[in-house]
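# Survey of secondary and tertiary structure
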Amino acid sequence: MRKSRIACDRRRLSPASPIKRRRSAPILAIGLLLCLLGGEAGAEATGDHSRFTLMRVLLWLEATGAQVTEVCTQCHNEAQGQIRSTIHWGWEFSEPRTGRIAGKRHILNGFCGGSESLTDPDAANAAFRHSCFACHVSYRRGSTPGFGSWGDAPGPKHAPVSWEALPWSGTGWVSDPWEDEPESEPEPGPNSPSQTDPGNGNADNQTTLAQDAAIDCLVCHDTTGTYHRGPAQSAPMNLIWIAESVGRSSRRTCGNCHFYGGGADGAKHGDLDSSLIQPPREVDVHMSAEGADLTCAGCHNPEGHRLPGSRHAMLARDRDGLDKPSKHYQSHASCESCHGVTPHAERAAPYGARLDAHIDRVACQTCHIPEFARGGVATRLWWDQTSTPPRMVAARNIVPTYRFFNGQMHYTLKSDTIDPDRPVAINRIGGSWQEENARIWPFKVVRARQHLLQEAEPTAIAAVDVQNVPNATANATANATATGNATANALGTSDSYSWMWLPWVWLTDFLGWAPADDSSAQSPVSPPQPPPAPRRTVIETQMFWPITHMVAPAEKALRCDDCHRPNGRLAGLPGFYMPGRDTMPALDRFGLFLVLFMAVTSGLHGLVRILWRRRR
Amino acid sequence: MAQLYVYTRFERFWHWTQAMLVIGLGVTGFDLHGTIDLFSFEQASELHRYMLWALIVIWIMAIFWHFTTGEWRHYIPTSKNLWEVIDYCAVGIVMGDDHPFIKSPRRKLNPLQRLVYLVLKLMINPLILISGLLYLYYKDWPAWVSQDLTLTDVATAHVLGAYLMTAYLIGHVYMATTGHKLFSLLKAMITGYEEVPDRL
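Residues numbered from 1 in each chain as written. Chains lettered and ligands numbered in written order. Predicted model: local features only at pLDDT ≥ 70, side-chain atom pairs only at ≥ 80, totals over all residues. Heavy atoms only, no water.

Take the overall build of chain A next. Per the secondary structure count, chain A includes 20 helices and 10 strands. In chain A, which comprises 616 residues, the share counted as buried stands at 50%. Of the roughly 28800 Å² of accessible surface on chain A, 56% is carried by carbon and sulfur atoms. (Helix = DSSP H or I, 4+ residues; strand = E, 2+ residues; numbered from the N terminus. Buried < 20%, exposed > 50% of the residue type's maximum accessible area, 1.4 Å probe, protein only. Areas by Shrake-Rupley, 256 points an atom, 1.4 Å probe, with all protein chains shown as cover.)

What follows is the structure, encoded as structure tokens:
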């Protein structure tokens, strides 16, 4: 039965399916039925993990997460290098157009912390599972042979994952899994992603080996739905069963992290929450079983563990259209890759053609995601982390904010200089209506009031003028310091700011992650000296999240009136004429005058005619 | 009074079809513009587009008719008696004077009508039609068009044309009441026969 389930998953994700999706639907249904009947007919997998004897033996000897990884990589021996090159491992992203290094590690964050775990100790386990701390695809490395505290597990068969098995201990990035990346890593340029070549010659490096074993395969490849990275006290798991059942990722495995970002279900993205695990068709036509029943990887189609379609650099306008077997084939992460560039052609002419005429300026998402957070899960819009207890505003069914977007997000980095007296843009949207590749996109805007910890001693970190990031070139980082200094002076302050979020400190304090913890003693990296007491500043932040999931059925898409009216959804987009939205005040006044003049003149003329005739 | 056959069957068909289309285009157009709100944008734009094509068909037929029948000669402008007609419209019509212009099948239009219709047909109609087609095919503009024109220009021209047409329409409807009786000109445009003074 297990095996069949895996096979089902694979069939669903067959690479040919995006193009022939409609035709393959009956086949999928039959396959699914066969799977449910427990038959072998639907099986396409060439390997059955539950029958790999060596794997079972090794896991019976020592069932730890790291041991699972050791066993996996015996056969999948390119996987480690691939994982280490991805954003899932590095939390680092090279902006292709500017060369700036962004990613979770470097950008600011209006959500970081997980304050639920502070206010509600009973909820600590759940909150922890759902917080960003649980979501790095690694175990803690450094100790042998169990890579962490796996040895404390109650038994080899039922080894719970310990939260200590995470890359962090103490306050900050003490056992940072990236710290020991080889120095030879090529400097990312504008055209070369920061990823290192998978499986490169660093395998001899002890650090690399340790990192290999620290990769958590199961968090993405669990098909049982029982694997978790919660604290040791939470539900025990049968790691062997989980390992035997590995398969392709699912909405659930991806969602374990991506649905719960920001510390609660749906808090962060707005278009990603637990309602997408089994969504009704109205919530998401693509992921619904009544619709295409796609998994995340159906669109974010991985190649060598690299997933296309990161929000850090999006394809705001896909001119290529349908994916054909080509060098672009791996990326289905645009609507056009499945629906083509004339997606409304089936509609009656001329209406379909009129809709198609929009897609050079309007992203598909703009009309087809009329509201986000439609699955019944509220998403966070405002978070005051400085009040006690933290105050939040969360809502469902939210009308997005619309902006022209060329795919390039400009993130403010932790190393950038900011003006704490003004609302800080965590990211800004690249693009304007004049740009050919920019289209109107929907966004969630989230605001927060949070603590900025200003370092007592200014450091010589690079700083970039927040206001001028769009102009940043590939050399931005190199030139940044000079620009930043100038800006700092202009802002009337010469301080640099280091970004540490207070909730983070609270959380680590609460969980007892003190640097003196024995876990840090196990770490080969010595903990950094505690920084001098920082100065707290309260700042306001604002962040834009592109909305691209929760695509509604076609009949629920926006109508013309939603935008082509004076107070429509695009009322706030300036700069260009839009029929129905924009009036021409001068011309309208003139026209009204002309028409009224004509009417009044005619009326008076007629009145005089009638009166005169009577008098006669 | 004598009955005179002034407006042929095609002429009347053309006139009334065009009248309905122009009014329909005006209503839907001003709906799209946001001046009035009768339809959804979708309905209005679709109706506007259908009526556009109907109008183009009727215009092509009318142009063909004008040239094959020689009717276009009615629109040759003349300054002869122009002032008399204007004077009549302003003063004489109120005083009960006779119309200085006597209609005949060879001269259907008085000098003022000639001028007004010529302006309508050679300036307002083309202004609306050309700007409207440019508006409709905005996405397909060749480079040499998009170099010099913006959508704002085209929309402005189209809306200006619409206001001029509306003003014309009001004047036209009013002038239709200035016959011998209130509806005699209207009746002529329906039946084709107009009562003209015997003094011909």
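After presenting the structure, the write-up continues.
With that out of the way, let us pick up the overall build of chain B. The helix and strand inventory of chain B stands at 7 helices and 2 strands. Seen in sequence order, chain B has helices and strands lined up from the N terminus as β-α-α-α-α-α-α-α-β. Along the first, second and third principal axes, the C-alpha set of chain B runs to 60 × 35 × 30 Å. Pairs at least 24 residues apart make up 69% of the contacts formed inside chain B by residues separated by at least 6 positions. If you sum the accessible surface of chain B, you get close to 11300 Å²; carbon and sulfur atoms cover 69% of it. In chain B, 15 side chains carry a positive charge and 16 a negative one; their mean positions are 11 Å apart. (Contact = heavy atoms within 4.5 Å. Lys, Arg positive; Asp, Glu negative; His and termini not counted. Charge placed at Lys NZ, Arg CZ, Asp CG, Glu CD.)

With 8 of 11 residues buried, helix α4 (residues 65–75) of chain A is to be regarded as a mostly interior element. Regarding α4 of chain A, the residues found buried are Gly65, Ala66, Gln67, Val68, Thr69, Val71, Cys72 and Thr73 of chain A.

The next thing to look at is the pattern of salt bridges. Counted by the stated rule, this structure contains 18 salt bridges over all chains. Asp561 of chain A serves as the salt-bridge partner of Arg565 of chain A, at 3.0 Å between the closest nitrogen and oxygen. Given the relative accessible area of 13%, Arg565 of chain A is considered buried. With a relative accessible area of 27%, Asp561 of chain A lands in the partly exposed category. A salt bridge links Lys108 of chain B to Glu11 of chain B, with the shortest nitrogen-to-oxygen separation between them at 2.6 Å. Residue Lys108 of chain B is located in the loop between α3 (82–95) and α4 (111–136), and its partner Glu11 of chain B is located in helix α1 (residues 9–33); the two are separated by 97 residues in the primary sequence. Classification of Lys108 of chain B as buried rests on a relative accessible area of 4%. Bridged by salt links that share partners, the residues Asp384, Arg391, Arg449 and Glu540 of chain A form one connected network. (Salt bridge = Lys/Arg side-chain N within 4 Å of Asp/Glu carboxyl O.)

Residue and element names in this part refer to chain A. Averaged over chain A, the pLDDT score is 69; the fraction of residues at 70 or greater is 60%. For residues 113–130, every residue scores under 50 in pLDDT, and the model assigns this stretch 42 contacts once sequence neighbours within four places are set aside. Segment residues 456–526 is flagged for pLDDT under 50; beyond a separation of four residues in sequence, or across chains, it makes 135 contacts in the model. (pLDDT = per-residue confidence, 0-100.)

Now for the interface of chain B and chain A. The extent of an interface is frequently quoted as the accessible surface area lost upon association of the parts. At the junction of the two partners, chain B supplies 37 residues and chain A supplies 32 residues. Together, Phe41, Glu42 and Tyr174 of chain B form the three largest contributors to the area buried by chain B at its contact with chain A, with a combined 22%. Here Asp37 of chain B makes a salt bridge to Arg565 of chain A, at a shortest N to O gap of 4.0 Å. Linking chain B to chain A there are 14 residue pairs in polar contact (both at pLDDT 80 or more). Of all the secondary-structure elements, those providing two or more residues to the side of chain B that touches chain A are α1, α2 (41–69), α3, α4 and α6 (151–175) of chain B. When residues of the side of chain B that touches chain A are assigned to their parent elements, the largest contribution, 13 residues, is made by α6 of chain B. Classifying every residue of the side of chain B that touches chain A by side-chain character gives 21 nonpolar, 10 polar and 6 charged. (Buried area = accessible area lost by both parts, 1.4 Å probe. Polar contact = N/O pair within 3.5 Å; in protein donor to acceptor, adjacent residues only side chain to side chain. Nonpolar A, V, L, I, M, F, W, Y, C, P; charged D, E, K, R; others polar.)

On to a negative patch on the surface, then. Negative charge collects at one region of the surface, where Glu84, Asp87, Asp97 and Asp98 of chain B lie side by side. Turning to its location among the elements, Asp98 of chain B is positioned in the loop between α3 and α4. (Patch = residues over 30% accessible without salt bridge, like charges linked within 9 Å, V, L, I, M, F, W, Y side chains within 5 Å.)

Residue and element names in this part refer to chain A. Enumeration over the complete set of coordinates arrives at 13 aromatic pairs over all chains. Note on Phe404 and Phe576: the rings are 5.6 Å apart at their centroids and 90° apart in plane angle, and the pair reads as edge-to-face. Residue Phe404 is found in strand β5 (residues 401–405), and its partner Phe576 is found in the loop between β10 (535–546) and α20 (585–615); the two are separated by 172 residues along the sequence. A network of ring pairs unites the aromatic residues Phe405, Trp441, Phe443 and Phe544 as a single cluster. (Phe/Tyr/Trp six-rings, centres within 6.5 Å; stacked < 30°, edge-to-face > 60°.)

Glancing now at the environment of Gln74 of chain A. Residue and element names in this part refer to chain A. The topology assignment puts Gln74 in helix α4. Accessibility expressed as a relative area gives 52% for Gln74, which makes it exposed. For the pair formed by Gln74 and Met55, sequence separation is 19 residues and the distance between their alpha carbons is 9.2 Å.

Side chains of residues three or four places apart in an α-helix project in the same direction, reflecting 3.6 residues per turn. Compared with an ideal rise of 1.5 Å per residue, which puts 25 residues at 36 Å, α6 of chain B spans 36 Å between its outermost C-alpha atoms and is within 8% of the ideal. Of the positions making up α6 of chain B, those classed as buried are Leu151, Val154, Ala155, His158, Val159, Gly161, Tyr163, Met165, Ala167, Tyr168, Gly171 and Tyr174 of chain B. Of the surrounding secondary structure, the elements contacted by the buried residues of α6 of chain B are α20 of chain A together with α1, α2 and α4 of chain B. (Expected span 1.5 Å × (residues − 1).)

Below, the discussion takes up the pairing of strand β4 (residues 391–395) of chain A. Residues and elements named next belong to chain A. Direction of pairing for strand β3 (residues 379–384) relative to β4: antiparallel, over a ladder of 5 bridges. Within β4, the position partnered with Arg380 by the bridge is Ala394. Between β3 and β4, which pair antiparallel and follow one another directly, the connecting turn spans 6 residues. (Pairing = 2+ DSSP bridges.)

A separate point is the state of the cysteines. Residues and elements named next belong to chain A. One pass over the structure, following the stated rule, counts 0 disulfides over all chains. Free cysteine Cys72: the closest other cysteine sulfur is in Cys217, separated by 4.0 Å. In this structure Cys367 is a free cysteine whose sulfur lies 6.0 Å from that of Cys563, the closest cysteine sulfur available. (Disulfide = S-S within 2.5 Å.)

On to a nonpolar patch on the surface. Together, Leu592, Leu596, Val600, Leu604, Leu607 and Leu611 of chain A make up a nonpolar patch on the protein surface, roughly 570 Å² of accessible area in all. When you line up the elements, Leu604 of chain A lands in helix α20.

This next bit is on unusual backbone geometry. Residue and element names in this part refer to chain A. The backbone phi angle of Asp293 is positive, close to 55°, even though this residue is not glycine. Structurally, Asp293 can be placed in the loop between α12 (251–258) and α13 (296–299). Asp293 sits in the buried class, given a relative accessible area of 16%. Unusually for a residue other than glycine, Ala373 sits at a positive phi of about 55°. Considering the arrangement of structural elements, one finds Ala373 in the loop between α16 (364–368) and β3.

Attention now goes to the nonpolar core. All names here are of chain A. Ranked by internal contacts, the top residues of the largest apolar core, which has 26 residues, are Phe405, Met409, Tyr411, Trp441 and Phe443. Of all the secondary structure elements, the ones that give two or more residues to this core are β6 (409–411), β9 (439–454) and β10. With 6 residues, β9 is the single largest residue contributor to this core. Apart from the residues within four sequence positions on either side, Phe405 is in contact with Met314, Ala316, Ile429, Gly430, Asn437, Ala438, Arg439, Trp441 and Phe443. Ala63, Trp89, Ile215 and Ala243 belong to the second largest nonpolar core, which has 21 residues in total. (Core = buried A, V, L, I, M, F, W, Y, C linked by side-chain atoms within 4.5 Å.)

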